[in-house]
Amino acid sequence: MDGIPLIVANIRHYIADNIQSIYARRDLSDFTESILGDCCGSGSLFETTRQHLSSYTWDHYGDLDPEPFSGAPRPGSMIRTLEAGRELAAPLPAGPVIDAGCAVGRSSFSLAASGAELVLGVDLNFAMLRVAAEALRHGIVRFPLRRTGLVYQRREFPVSFAHSDKVDFWACDAAALPFATGTFSMAVSMNLLDCVYEPRELLASIGRALQTGGKVILACPYDWSPSATPVEAWLGGHSQRTPSGGASEPVLRTLLTPGAHPNSLNTLKLLIEREHLPWQVRLHDRSTMTYDLHLVVAERCMVA
Ligand SMILES: C[S@@+](CC[C@H](N)C(=O)[O-])C[C@H]1O[C@@H](n2cnc3c(N)ncnc32)[C@H](O)[C@@H]1O
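Visitor: Outline helix H6 (residues 126–138), supporting the account with residue identities and numerical values.
Guide: With 13 residues, H6 extends 17 Å from end C-alpha to end C-alpha; this agrees with the ideal 18 Å at 1.5 Å per step. Judged by how many residues are buried, H6 sits mostly within the fold: 11 of 13 residues are covered. Of all the residues in H6, the buried ones are Phe126, Ala127, Met128, Leu129, Arg130, Val131, Ala132, Ala133, Glu134, Ala135 and Leu136. The elements touched by buried residues of H6 are helix H1 (11–22), helix H3 (45–61), helix H5 (106–113), strand S2 (119–123), strand S3 (140–148) and strand S5 (167–171). Two or three places before Ala127, at the start of H6, stands the capping residue Asn125, its side-chain oxygen 3.0 Å from that residue's backbone nitrogen. At the exit of H6 stands Gly139, carrying a positive phi of roughly 65°.

Visitor: Before we move on, could you go through the site of the ligand and cite the residues and values that matter?
Guide: Around the ligand, a shell composed of 18 residues is seen, among which His60, Gly101, Asp123, Asp173 and Asn191 lie nearest. At 2.8 Å from a nitrogen atom of the ligand is found a side-chain nitrogen or oxygen belonging to Asp173. Between the ligand and the protein, one listed contact pairs an oxygen atom with a side-chain N or O atom of Asn191 at 2.8 Å. In isolation the ligand exposes 600 Å². Once the protein is present, 90% of that is buried.

Visitor: Describe in detail the side chain of Asp123, supporting the description with residues and values.
Guide: Among the secondary structure elements, Asp123 is positioned in strand S2. An unpaired buried charge is present at Asp123: no salt bridge exists, and Arg130, the closest side chain of opposite charge, is 13 Å distant. Of the polar contacts made by the side chain of Asp123, one reaches the backbone nitrogen of Cys102; its length is 3.4 Å. Apart from the residues lying within four places of it in its own chain, the contact partners of Asp123 are Gly101, Cys102, Ala103, Leu129, Trp170, Ala171 and Cys172.

Visitor: Please set out the packing of H3 against H6 residue by residue, giving values where relevant.
Guide: Their axes nearest at 10 Å, the elements H3 and H6 cross at an angle of 40°. Compared by their axis directions, H3 and H6 come out oblique. Read as a crossing pair, H3 and H6 show a hand that is right-handed. When H3 is examined against H6, the residues Thr49, His52, Leu53, Tyr56, Thr57 and Tyr61 are found in contact with a partner set consisting of Ala127, Met128, Val131 and Ala135.

Visitor: I'd like a rundown of the environment of Phe157, residues and numbers included.
Guide: For Phe157, the position within the fold is in strand S4 (residues 151–158). Remark: the alpha-carbon pair of Phe157 and Leu270, spanning 113 residues in sequence, is separated by 40 Å. With residues up to four places along the chain from it excluded, the contact list for Phe157 reads Tyr61, Leu64, Asp65, Pro66, Gly139, Ile140, Val141 and Phe143.

Visitor: Would you mind going over unusual backbone geometry in detail, with residue names and values included?
Guide: Geometrically, the link from Ala90 to Pro91 is a cis peptide bond, its omega value of 0° lying close to zero. Looking at the secondary structure, you find Pro91 in the loop between helix H4 (77–89) and strand S1 (97–100). The phi torsion at Ser239 lies on the positive side, around 55°, for a residue other than glycine. Tracing the sequence through the fold places Ser239 in the loop between strand S7 (210–220) and helix H8 (249–255).

About the thresholds
Residues numbered from 1 in each chain as written. Predicted model: local features only at pLDDT ≥ 70, side-chain atom pairs only at ≥ 80, totals over all residues. Heavy atoms only, no water. Helix = DSSP H or I, 4+ residues; strand = E, 2+ residues; numbered from the N terminus. Expected span 1.5 Å × (residues − 1). Buried < 20%, exposed > 50% of the residue type's maximum accessible area, 1.4 Å probe, protein only. Contact = heavy atoms within 4.5 Å. Polar contact = N/O pair within 3.5 Å; in protein donor to acceptor, adjacent residues only side chain to side chain. Near = heavy atom within 4 Å. Areas by Shrake-Rupley, 256 points an atom, 1.4 Å probe, with all protein chains shown as cover. Lys, Arg positive; Asp, Glu negative; His and termini not counted. Salt bridge = Lys/Arg side-chain N within 4 Å of Asp/Glu carboxyl O. Axes fitted to C-alpha atoms, helices over the stretch in contact; angles between N-to-C directions. Parallel < 35°, antiparallel > 145°, perpendicular 65-115°, else oblique. Left-handed = near helix turned anticlockwise from the far one by under 90°.

In structure tokens:
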């Protein structure tokens, strides 16, 4: 679909869930789009999609906008965290990389530009994948930047990234990656763990996809929400009477320590972690949420 392979378990559900974005018109003027936005109003799927595109595309590509928005904050917080992760994970194994939950795709371009052999960005949000695919195929980033309320300003500018011929974007479920065991030498998962239905399954899926000795860079703000993840599947965030006091970090550490607990993955071993990396999600001209990220590097170990 527009050059984006849809490789999902249930194609009928996927198409039905994403039909608005798949069937979206690209020919409407900024003026007409603003009328649609006013008519659909707050809380509509149209508005939610625009807000997500605004927040993520601005953070991923705002540094390349020739007419940058002058207000605080500075775009690029996801890429800065990824850079910190790459430093922490050094030496990086050579080979193909999977960027799980790539959204609008800047992390995939950045990984290829810094020398990755091949980078596959996967996500389930078609509207975001379309921005990534447009940047890849046409060298254009186009998105609605939210100014206030239902007021958006269309941004469109050219982009080009070194080694973008090594990048592709597919619609896939990162928690059920459709690849043979050991396909990738590295995985990146920025701010995805608390967005999936089964966080442990996401880790297991990444573990399976990695070769022995492969590394995963994972960042998470543990912003648990039942709209994304049922409470039973949260890693921490509940049961404060337990020895960890309900904190998420010790639960993740246990999962990533082979043999530590019956739930431990036994395929991924925590190597190193870093705390307190800021991740900024811009909501509108006068509102930005700042998350405090936990960054973790783990290694695919030999399964006994
Ligand atoms: C919080 S955003 C983070 C996006 C990007 N990695 C970043 O840090 O800017 C989470 C992304 O994961 C995607 N996502 C959620 N569940 C997914 C799944 N099961 N498989 C692949 N992507 C998923 C969402 O569509 C969204 O683009």
